[in-house]
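An overview of the molecular structure
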Amino acid sequence: QQLVLSVLAAITVIGVMIVLVPLIGILGAGVALLLGELIAAVGYTVSATQWLKQNSLSWPRSLFYTAAASVGIACVSMFSMIFLPSMKWPLLGISLLLLLWNLWRFWGALPLVVTERAKNIISRLPILKKLFPYFDQ
């Protein structure tokens, strides 16, 4: 399935680029890449949903929607900065705060075993040991 979705996304990107780049330039390439990624994302979501059903599992809706909210925040932020360039710094600050808030929500929704493992991995990062010596203990 991964191979099929990757080929489908690549064909989409190339096809849309052939059509749009001569018409609208680099923006056409961006649109082509966006469409390719959207097709892959939808395909992977459908594929994962089917696999979960076949294995008597359910889709982790809460985590999925929280992750999707991050994508939505990033999209709205980028478009806001494009259309309101004079407000880019305040918009960037607001965007980062919203993303941090969403990260906090995501972290809180994770199972305890996942957060404990993540804390263990993060605590072993050399940069953190230099910045925060108490991580060494």
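To start, this report covers the structure provided alongside it. (Residues numbered from 1 in each chain as written. Predicted model: local features only at pLDDT ≥ 70, side-chain atom pairs only at ≥ 80, totals over all residues. Heavy atoms only, no water.)

Re the packing of aromatic side chains
Two measures describe an aromatic ring pair: the distance that separates the ring centres and the angle between the ring planes. Under the counting rule described, the total for this entry stands at 3 aromatic pairs. On the numbers, 5.8 Å between centres and 65° between planes, the contact of Phe-64 with Tyr-65 is edge-to-face. Measuring from ring centre to ring centre gives 6.5 Å for Phe-79 and Phe-83, while their planes differ by 15°; the resulting arrangement is stacked. Placement of both Phe-79 and Phe-83 in helix H3 (residues 61-83) is noted, with a separation of 4 residues, approximately one turn of the helix. (Phe/Tyr/Trp six-rings, centres within 6.5 Å; stacked < 30°, edge-to-face > 60°. Helix = DSSP H or I, 4+ residues; strand = E, 2+ residues; numbered from the N terminus.)

Focus on the environment of Pro-22
For Pro-22, the position within the fold is in helix H1 (residues 2-24). Residues Pro-22 and Val-7, 15 residues apart in the sequence, show an inter-C-alpha distance of 23 Å.

So, the environment of Lys-129
Of note, Lys-129 is situated in helix H6 (residues 126-131). Accessibility expressed as a relative area gives 32% for Lys-129, which makes it partly exposed. C-alpha of Lys-129 to C-alpha of Trp-59: the two residues are 70 residues apart in sequence and 37 Å apart in space. (Buried < 20%, exposed > 50% of the residue type's maximum accessible area, 1.4 Å probe, protein only.)

Here we look at the packing of H3 against helix H4 (residues 88-109)
Where H3 contacts H4, the axes come no closer than 10 Å and their chain directions differ by 175°. By the angle between their axes, H3 is roughly antiparallel relative to H4. On H4, the residues that touch Ser-62, Leu-63, Thr-66, Ala-67, Ala-69, Ser-70, Ile-73, Ser-77, Ser-80 and Met-81 of H3 are Lys-88, Leu-91, Leu-92, Ser-95, Leu-98, Leu-99, Asn-102, Arg-105, Phe-106 and Ala-109. Broken down by class, the residue content of the contact of H3 with H4 amounts to 11 nonpolar, 7 polar and 2 charged. (Axes fitted to C-alpha atoms, helices over the stretch in contact; angles between N-to-C directions. Parallel < 35°, antiparallel > 145°, perpendicular 65-115°, else oblique. Contact = heavy atoms within 4.5 Å. Nonpolar A, V, L, I, M, F, W, Y, C, P; charged D, E, K, R; others polar.)

Some words on the side chain of Thr-66
Within the secondary structure, Thr-66 is located in helix H3. Residues within four places of Thr-66 in sequence aside, it is in contact with Asn-102, Arg-105 and Phe-106.

Observations concerning the pattern of salt bridges
Tallying each qualifying case throughout the model produces 1 salt bridge. Glu-116 serves as the salt-bridge partner of Lys-119, at 3.8 Å between the closest nitrogen and oxygen. With a gap of 3 residues between them, Lys-119 and Glu-116 both fall in helix H5 (residues 112-123), about one helical turn apart. Under the relative-accessibility criterion, Lys-119 is labelled partly exposed at 43%. (Salt bridge = Lys/Arg side-chain N within 4 Å of Asp/Glu carboxyl O.)

Section: unusual backbone geometry
In this structure, Ser-56 takes a positive phi of about 55° despite not being glycine. The topology assignment puts Ser-56 in the loop between helix H2 (26-54) and H3.

Re H4
Residue pairs three or four apart in sequence face the same way in an α-helix, which turns once every 3.6 residues. Between the first and last C-alpha of H4 there are 31 Å, a value that for 22 residues agrees with the 32 Å anticipated at 1.5 Å per step. Burial in H4 covers these residues: Leu-91, Ser-95 and Asn-102. Projected down its long axis, H4 shows its buried positions confined to an angular sector of 35°, all on one face. For H4, exposure combined with an orientation more than 90 degrees from the buried face picks out Trp-89, Leu-97, Leu-100, Trp-104 and Gly-108. (Expected span 1.5 Å × (residues − 1). Arc of directions from axis to C-beta.)

With respect to a nonpolar patch on the surface
Nonpolar side chains collect at one region of the surface, where Ile-14, Ile-18, Val-19, Leu-23, Ile-24, Ile-26 and Leu-27 lie side by side and expose about 780 Å² of accessible area between them. Of all the secondary-structure elements, those providing two or more residues to the nonpolar patch are H1 and H2. Given a relative accessible area of 43%, Ile-24 falls into the partly exposed group. (Patch = residues over 30% accessible without salt bridge, like charges linked within 9 Å, V, L, I, M, F, W, Y side chains within 5 Å. Areas by Shrake-Rupley, 256 points an atom, 1.4 Å probe, with all protein chains shown as cover.)

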